[in-house]
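Below are the chains, spelled out letter by letter.
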2 protein chains.
Amino acid sequence: MPRISEIGERALIEDFMTFIRPEGLIGPGDDAAVLGKDTVVTTDIVTFDRHFPAGMSYEQFGWYAAAVNFSDLAAMGARPTGFLAALALPPDLEAQAAYDIMSGIDQCCEFCGTGIAGGDTKFGSGIVAGTAIGSMDGRKPMTRSGANPGDIVAVTGPIGGPAAGFLSLELGVEMEDARQSLYVPVPRVAEGMALASSGVVTSCMDLSDGLGTALNGICSHSHVGIDVEFDFIPRGEGVEEMAQASGRDVQDLLLYWGGEYELLFTADKDRFRKLYEMEVEFSIIGMVHDGDHPDLIREGSRSRIGHGSY
Amino acid sequence: MPRISEIGERALIEDFMTFIRPEGLIGPGDDAAVLGKDTVVTTDIVTFDRHFPAGMSYEQFGWYAAAVNFSDLAAMGARPTGFLAALALPPDLEAQAAYDIMSGIDQCCEFCGTGIAGGDTKFGSGIVAGTAIGSMDGRKPMTRSGANPGDIVAVTGPIGGPAAGFLSLELGVEMEDARQSLYVPVPRVAEGMALASSGVVTSCMDLSDGLGTALNGICSHSHVGIDVEFDFIPRGEGVEEMAQASGRDVQDLLLYWGGEYELLFTADKDRFRKLYEMEVEFSIIGMVHDGDHPDLIREGSRSRIGHGSY
């Protein structure tokens, strides 16, 4: 019988899905589940081992732990109504670090218009398991499965900043803005609510696992193809500089890194202009077609977009 | 600056409460929080280190992780509508153990009339952070703060079984029923919903930290005193035998051990008979008075009931 390290975290979750009885209107598999008519719930674990890059403060780690969960609510278009913080912290951690983590969580909750509704703290290996609760307030939840051929494809903001921030750490180059996007991701809660309210958005997903993975997610759940124009993808601070400095192609930083918290969405091509009336910025990066996977169009040539390795 | 091991888990949580902005109608501090009019949420961590007694199976550990959360919903009178399972498991854990944990969670969800609405799995020190979501369906949530002098005090079932189970392990005595109550606690979800529906219950709390702690909790939150009749406390399987075998007083097993998942509640003395019409078993163990702490009345003498050390 294999150990779970041999199976990997994602494959293990897929195995679980084969035998559990899922609950909820949309259920596990999308960014968040909808319970009853209106309640949206999601949980995500962040760990000291995996989500604590050099230079991050404990307060930022707490913010991050909350932000990844609120981002999942944002992808559905839910309004946050509460956050639960389950902390498993090393016994030898300084108390101030624990206060800073909780303070960072609290600040992110405040930014998202809600507060801490409960929690638990035990000794453990340095883990925050956050749960965000939200309400649709009558809006229809956005999912990954509604994209139609002809829809426009868009993102809510620049991509690649966290990748540039990470590379700047590796290379020892000062790059404050990029690092900030790595340390303090901004969950697009207001944007998600506006997108869901508009009635013109057909699918939505957050970019926590990178743009490539998200594009593949919408293609497979919606049974469509997507063409992305390389030149249309808005680039975060330092992306070109760090690609060059690290000997990487810009497109790797844009497509195959995670830790992004912009939203990817599709919208009806005849009605998406309604979004200009709303308080949400976005950049169109491509079009949905009747294929079955995402391609990148760059200098006239076409290449298949894969999943990120993040 | 102290380490968190010097402060302790509970004191750390109390410290957090001094600076976070709580959310919810009832909020953290009760068994669960109420968001909006109707949504009840709670989170509890269980760990391999602390909640995995000898002889427990991984499936039972999973059940336990879910049960402790559903018990908190039960104490409010909520109907479970979903469960979120965040697992941080050692990389060298056998895959079958992970499947068994998730299967145990799923079985407890099914017992409680709901299913798994989401989750996350990462490598870590052996932790399940569960979140239970529930709905009041229009019922008024039960809290710790509504007990009034003159109310009856009752529990939904026998006490001390898990303590007896634990001692049977220490002493190497076979005691199947007691161990079962330790390994597979039954969250009193149906009972909690019935109690909340009755309209005669004035306060409620689960016994996860032991009867002594729960009695103190209701006294402090409701600003009342409680007299408990020692002979009225219903005793679980093996309590007397294990008290004797371990050289402990029976009252220690009944009052000062945790891992109990019966409900403690108070009810209006003129109307509590309505509960006999409902499908909920209970034993009256005492009365609320206008004091400020719980006392045990045993063979005519009175002694103060403290908090458990669990």
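See the structure above.
Treat the numbers as computed from the prediction; the structure is a model and nothing was measured. (Residues numbered from 1 in each chain as written. Chains lettered and ligands numbered in written order. Predicted model: local features only at pLDDT ≥ 70, side-chain atom pairs only at ≥ 80, totals over all residues. Heavy atoms only, no water.)

> Describe the overall build of chain A, listing the residues and the values that go with them.
For chain A, the helix and strand inventory stands at 10 helices and 12 strands. For chain A, the C-alpha radius of gyration of 19 Å lies close to 19 Å, the compact-globule estimate for 310 residues. In terms of overall dimensions, chain A has C-alpha extents of about 55 × 50 × 50 Å along its principal axes. Burial analysis of chain A (310 residues in total) assigns 61% to the buried set. (Helix = DSSP H or I, 4+ residues; strand = E, 2+ residues; numbered from the N terminus. Rg over C-alpha atoms; globule rule 2.2 N^0.38 Å. Buried < 20%, exposed > 50% of the residue type's maximum accessible area, 1.4 Å probe, protein only.)

> An account of the relation of the copies chain A and chain B is requested, with residue identities and associated values reported.
In the superposition of chain A on chain B (RMSD 0.0 Å, axial shift 0.0 Å), the rotation amounts to 180°. Here the transformation between the copies is reduced to the relation of a two-fold axis. Measuring from the rotation axis to each C-alpha of chain A, the shortest distance belongs to Ser125(A), at 2.6 Å. A share of 99% of the interface residues of chain A reappears at the interface of chain B, consistent with the copies meeting face to face through the same patch. (Least-squares fit on C-alpha atoms with pLDDT ≥ 70 in both. Contact = heavy atoms within 4.5 Å.)

> Give me the lowdown on the sheet that holds strand β2 (residues 39–47) of chain B, citing residues and values where you can.
Residues and elements named next belong to chain B. As summarised here, the arrangement of the 5 strands in space is β1-β2-β5-β3-β4, forming an open sheet in which the pairing is mixed. The outermost strands of the open sheet, each flanked by one partner alone, are β1 (33–35) and β4 (116–123). The sheet shows a mean angle of 20° between the axes of neighbouring strands, direction not considered. Note: strand β3 (residues 79–89) against strand β5 (residues 127–135), 9 bridges, orientation antiparallel. Bridge pairing in β5 links Arg79 to Ser135. (Pairing = 2+ DSSP bridges. Axes fitted to C-alpha atoms, helices over the stretch in contact; angles between N-to-C directions.)

> Outline the sheet that holds strand β8 (residues 225–229) of chain B, supporting the account with residue identities and numerical values.
Residue and element names in this part refer to chain B. What the 7 strands build is an open sheet, ordered β7-β9-β6-β10-β8-β11-β12; its pairing is mixed. The sheet is open, and its two edges are formed by β7 (201–206) and β12 (301–304), each paired on a single side. Each strand of the sheet is rotated relative to its neighbour by a mean of 25°, with strand direction disregarded. Examined bridge by bridge, strand β6 (residues 152–155) and strand β9 (residues 263–267) share 4 bridges and lie antiparallel to one another. When the bridges of β9 are listed, Ile152 appears paired with Ala267.

> Which residues make up the pairing of strand β10 (residues 283–289) of chain A, and what are the values?
Residue and element names in this part refer to chain A. As judged from the 4 bridges shared by strand β6 (residues 152–155) and β10, these two strands associate in the antiparallel manner. Considered in β10, the bridge of Val155 is made with Ser283. Across 4 bridges, the pairing between strand β8 (residues 225–229) and β10 is antiparallel. By the bridge assignment for β10, Asp227 is matched with Met287.

> Report on helix α6 (residues 176–183) of chain A, specifying residues and quantitative values.
All names here are of chain A. Among the residues making up α6, those that are buried are Ala178, Arg179, Leu182 and Tyr183. The buried residues of α6 all sit within an arc of 130° when viewed along its axis, so they share a single face. Considering only its buried residues, α6 is in contact with α3 (58–76) and α5 (161–171). (Arc of directions from axis to C-beta.)

> Explain the interface of chain A and chain B residue by residue, including any values.
Quoted interface sizes are often the accessible area lost when the parts come together. Every contact between the two is made by 67 residues of chain A and, on the other side, 66 residues of chain B. Summed over both partners, the interface of chain A with chain B buries about 5,700 Å², with 67% contributed by carbon and sulfur atoms. For Arg21(B), the salt bridge identified is with Glu110(A), shortest N-O distance 3.8 Å. Counting every contact that joins chain A to chain B gives 30 residue pairs in polar contact (both at pLDDT 80 or more). Counting residues per element, the ones that place at least two in the side of chain A that touches chain B are α1 (4–7), α2 (9–17), β1 (33–35), β2 (39–47), β3 (79–89), α4 (95–111), β4 (116–123) and β5 (127–135) of chain A. Element by element, the count of residues in the side of chain A that touches chain B is highest for α4(A), at 9 residues. For the side of chain A that touches chain B, the residue count by class is 34 nonpolar, 20 polar and 13 charged. (Buried area = accessible area lost by both parts, 1.4 Å probe. Salt bridge = Lys/Arg side-chain N within 4 Å of Asp/Glu carboxyl O. Polar contact = N/O pair within 3.5 Å; in protein donor to acceptor, adjacent residues only side chain to side chain. Nonpolar A, V, L, I, M, F, W, Y, C, P; charged D, E, K, R; others polar.)

> Pulling in residues and values, what's your account of unusual backbone geometry?
Residue and element names in this part refer to chain A. A positive phi is found at Asp137, a non-glycine position, where the angle reads about 50°. Given a relative accessible area of 38%, Asp137 falls into the partly exposed group. Positive phi outside glycine occurs at Glu299, with the angle close to 50°. Position of Glu299 relative to the elements: it lies in the loop between β11 (294–298) and β12 (301–304).

> Would you mind going over the packing of α4(A) against helix α2 (residues 9–17) of chain B in detail, with residue names and values included?
Between α4(A) and α2(B), the least distance of the axes is 10 Å, while the angle of their chain directions is 45°. Classified by the interaxial angle, the pair formed by α4(A) and α2(B) is oblique. Seen from above, α4(A) lies across α2(B) with right-handed handedness. Contacts between α4(A) and α2(B) pair Ala98(A), Tyr99(A) and Met102(A) from the former with Leu12(B), Asp15(B) and Phe16(B) from the latter. (Parallel < 35°, antiparallel > 145°, perpendicular 65-115°, else oblique. Left-handed = near helix turned anticlockwise from the far one by under 90°.)

> Please give an account of the pattern of salt bridges that cites residues and values.
With the rule as written, the count across this model stands at 26 salt bridges over all chains. With a shortest N-O distance of 3.0 Å, Asp249(A) and Arg298(A) are connected by a salt bridge. With a gap of 49 residues between them, Asp249(A) in the loop between α9 (239–246) and α10 (250–255) and Arg298(A) in strand β11 connect regions that are remote in the sequence. Asp249(A) sits in the partly exposed class, given a relative accessible area of 32%. Of the residues examined, Arg298(A) reaches a relative accessible area of 23% and is grouped as partly exposed. The closest approach of N and O atoms between Asp295(B) and Arg302(B), which form a salt bridge, is 3.0 Å. Overlapping salt bridges, with partners in common, bring together Arg21(A), Asp106(B) and Glu110(B) in one network.

> Residues and numbers for the packing of aromatic side chains, please.
For the structure shown, the criterion picks out 30 aromatic pairs over all chains. Between Phe52(A) and Phe61(A) the ring centres are 4.7 Å apart and the planes differ by 5°, which places this aromatic pair in the stacked class. Ring geometry for Tyr99(A) and Phe16(B): centres 6.2 Å apart, planes at 90°, overall edge-to-face. Within this pair, whereas Tyr99(A) is found in helix α4, its partner Phe16(B) is found in helix α2, the two belonging to separate chains. (Phe/Tyr/Trp six-rings, centres within 6.5 Å; stacked < 30°, edge-to-face > 60°.)

> Please provide a residue-by-residue account of a negative patch on the surface, values included.
Together, Glu174(A), Glu176(A), Asp177(A) and Glu237(A) make up a negatively charged patch on the protein surface. In this structure Asp177(A) comes out as partly exposed when scored by relative accessible area, which is 49%. (Patch = residues over 30% accessible without salt bridge, like charges linked within 9 Å, V, L, I, M, F, W, Y side chains within 5 Å. Areas by Shrake-Rupley, 256 points an atom, 1.4 Å probe, with all protein chains shown as cover. Lys, Arg positive; Asp, Glu negative; His and termini not counted. Charge placed at Lys NZ, Arg CZ, Asp CG, Glu CD.)

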